[in-house]
Amino acid sequence: MRNALNFNAGPSALPIDVLREAQQNLLDFNGTGMSIMELSHRSDVYGSIQQDAKSLLQKLLDIPPEFDILFLQGGASLQFSMIPMNLLSPNQTAYYILSGVWAEKAFNEAKKNGKTAILASSKDKNYNYIPSNFSIPDKNSAAFVHLTSNNTIYGTEWRNYPSFPSIPLVADMSSDLLSKKIDINQFDLIYAGAQKNLGTAGVTVVFIRKSLLERSKATLPAMLNYQIHSQNQSLYNTPPTFSIYILYLVLKWIDQMGGVNEMEKLNIEKATTLYETIDKSNGFFIGHAENNSRSRMNVTFNLVTEELTQKFLQEALDYGFIGLNGHRSIGGCRVSIYNAVPLSHVQILINFMDEFRRKLQ
Ligand SMILES: *Cc1c(COP(=O)(O)O)cnc(C)c1O
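Here the structure is a predicted model, which means the values were calculated and not measured.

Student: Can you help me understand the site of the ligand in this one?
Tutor: The environment of the ligand is made up of 13 residues, and the closest members are Ser 77, Thr 152, Asp 172, Gln 195 and Lys 196. Contact between the ligand and Ala 76: an oxygen atom at 3.0 Å from a main-chain N or O atom of the residue. In the model, an oxygen atom of the ligand is placed 2.8 Å from a nitrogen or oxygen of the Gln 195 side chain. Considered on its own, the ligand offers 390 Å² of accessible surface; in the complex 87% of this is hidden by protein. Here the shell around the ligand takes four residues from helix H3 (residues 75–87), the largest share from any one element. Across the shell around the ligand, the residue classes tally to three nonpolar, eight polar and two charged.

Student: Where do I start with the packing of H3 against helix H4 (residues 101–111) in this structure?
Tutor: How two helices pack is summed up by the angle between their axes together with the distance between the axes. Contact pair H3 / H4: the axes reach a minimum separation of 8 Å and the direction vectors enclose 40°. What the angle tells us is that H3 and H4 run oblique. Our pair here, H3 against H4, has a crossing hand that is right-handed. On the side of H3, the interface is formed by Ser 77, Phe 80, Ser 81 and Pro 84, while H4 contributes Trp 102, Lys 105, Ala 106, Glu 109 and Ala 110. Residues belonging to the contact of H3 with H4 are distributed by class as follows: five nonpolar, two polar and two charged.

Student: What is the right way to read the packing of aromatic side chains from this model?
Tutor: To describe a pair of aromatic rings, one takes the distance between the centres and the angle between the planes. Throughout the structure, instances matching the rule amount to 23 aromatic pairs. Seen in terms of ring centroids, Tyr 96 and Phe 144 are 5.9 Å apart; in terms of plane orientation they differ by 75°. Their pairing is edge-to-face. One end of the pair, Tyr 96, is in strand E3 (residues 93–98); the other, Phe 144, is in strand E5 (residues 142–148), with 48 residues separating them in the sequence. The pair Tyr 96 / Phe 144 is uniform in exposure class, with both members buried. Between the NZ or CZ atom of Lys 125 and the centre of the ring of Tyr 129, over which it lies, the distance is 5.5 Å.

Student: What exactly am I supposed to notice about the sheet that holds strand E14 (residues 333–336) here?
Tutor: One open sheet holds the three strands; their spatial order is E11-E12-E14, and the pairing between them is antiparallel. Taken across any chain shown, the strands that pair with only one partner, and hence form the sheet edges, are strand E11 (285–287) and E14. On average, adjacent strands in this sheet sit at an angle of 35° to one another, irrespective of strand direction. As defined by bridge partners, strand E12 (residues 298–303) adjoins E14 across four bridges and the pair is classed as antiparallel.

Student: I would appreciate a short explanation of the pattern of salt bridges in the present structure.
Tutor: Two side chains of opposite charge can pair, provided their charged atoms sit close to one another. Going through the model one piece at a time under the given rule, you end up with 18 salt bridges. The salt bridge partner of Lys 112 is Glu 109, with a shortest N-O separation of 2.9 Å. With its nearest N and O atoms 2.7 Å apart, the salt bridge here joins Arg 209 to Asp 188. Residue Arg 209 is found in strand E10 (residues 204–209), and its partner Asp 188 is found in the loop between strand E8 (169–172) and strand E9 (189–193); the two are separated by 21 residues along the sequence. For the pair shown, Arg 209 and Asp 188 are each scored as buried. Here the residues in one salt-bridge network are Glu 157, Arg 159, Asp 176 and Lys 180, joined through shared partners.

Student: Can you walk me through the packing of helix H7 (residues 259–279) against helix H9 (residues 343–360) in this structure?
Tutor: At a minimum axis distance of 10 Å, the contact between H7 and H9 shows a crossing angle of 5°. If you check the angle between H7 and H9, you find them roughly parallel. Judged by residue contacts, Glu 269, Lys 270, Thr 273, Leu 274, Thr 277 and Ile 278 of H7 engage Leu 343, Val 346, Leu 349, Ile 350, Met 353 and Asp 354 from H9. Across the contact of H7 with H9, the residue classes break down as seven nonpolar, two polar and three charged.

About the thresholds
- Residues numbered from 1 in each chain as written.
- Predicted model: local features only at pLDDT ≥ 70, side-chain atom pairs only at ≥ 80, totals over all residues.
- Heavy atoms only, no water.
- Near = heavy atom within 4 Å.
- Polar contact = N/O pair within 3.5 Å; in protein donor to acceptor, adjacent residues only side chain to side chain.
- Areas by Shrake-Rupley, 256 points an atom, 1.4 Å probe, with all protein chains shown as cover.
- Helix = DSSP H or I, 4+ residues; strand = E, 2+ residues; numbered from the N terminus.
- Nonpolar A, V, L, I, M, F, W, Y, C, P; charged D, E, K, R; others polar.
- Axes fitted to C-alpha atoms, helices over the stretch in contact; angles between N-to-C directions.
- Parallel < 35°, antiparallel > 145°, perpendicular 65-115°, else oblique.
- Left-handed = near helix turned anticlockwise from the far one by under 90°.
- Contact = heavy atoms within 4.5 Å.
- Phe/Tyr/Trp six-rings, centres within 6.5 Å; stacked < 30°, edge-to-face > 60°.
- Buried < 20%, exposed > 50% of the residue type's maximum accessible area, 1.4 Å probe, protein only.
- Lys NZ or Arg CZ within 6 Å of the ring centre and 35° of its normal.
- Pairing = 2+ DSSP bridges.
- Salt bridge = Lys/Arg side-chain N within 4 Å of Asp/Glu carboxyl O.

Honestly, that's just the spatial picture; any functional story needs more than this.
Dropping the structure here:
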């Protein structure tokens, strides 16, 4: 029975319609007599799926023709390395905005590949806010600025992105891409592992401004070279065909649901109800993120004592809620409410939270 109340942070819930369609087509894809997983990645049938996934991304996010869309492997974590390897030259500095553990990891990989600097950090308050006020000392030698749009672990999210005229802006959007409308033109490179909001693990989506491709040096390993992936339409080697197929189904589902504007509306509704439950609890539930930095994708909170937090998590688990434990690096509770998590599941959780509080407060 498919009855899990799944609030996993990633891999995470998928739309039931997507799973049904994948199931229906699993043994015989479009009359080929084969599963999608058994098709050649050079076949027209597979090729059109990859092309449709690209076109749907273009449509849903209004991606202008100045951008190329790549489907890569190695997760968002490999992008931490690929970005500096391709975009940072020896006489330049890469600037990182540290807003959480994923940003730190990206920064640490960049350090191995050239000169780096921290542009801002919110580590002083355990990453409970989004940094602001940035000043770049030497704009001429800046290779790019890197930020993490949604901090999956701490539950903070950018509302307005900074702009650095003439310096490329790179964003890790692994946990909020397609959750809301964004202006792609503000960015030069965007990347996201698919397993949170876009589909299943195995494929990483990269939007890269074509003018940046010339920075990729021929001495790079081919698999780590954006230009090579671009020249080969993400078919330099065998792509993760099944993951790209699921991505395609998720994109089609978003489109049928009304696009990112509709997703954004639903996501605001889900997040608002949860934050209201926290705010009206008179300090029983304590939100981690500062109000103006709150994420609509990952809602993080604690209870007054560690003991009470554990009691809450245990009872939630017994009730059937999955994935409410905070990330192993910070503990507490985290509710991940990506696009595919229905409002009805959030409402069941809110009732449970209110009930738990009434019993003990
Ligand atoms: C999950 C996550 C990552 C890591 O993704 P992998 O695909 O596992 O490498 C990186 N950045 C953010 C913001 C994430 O949420």
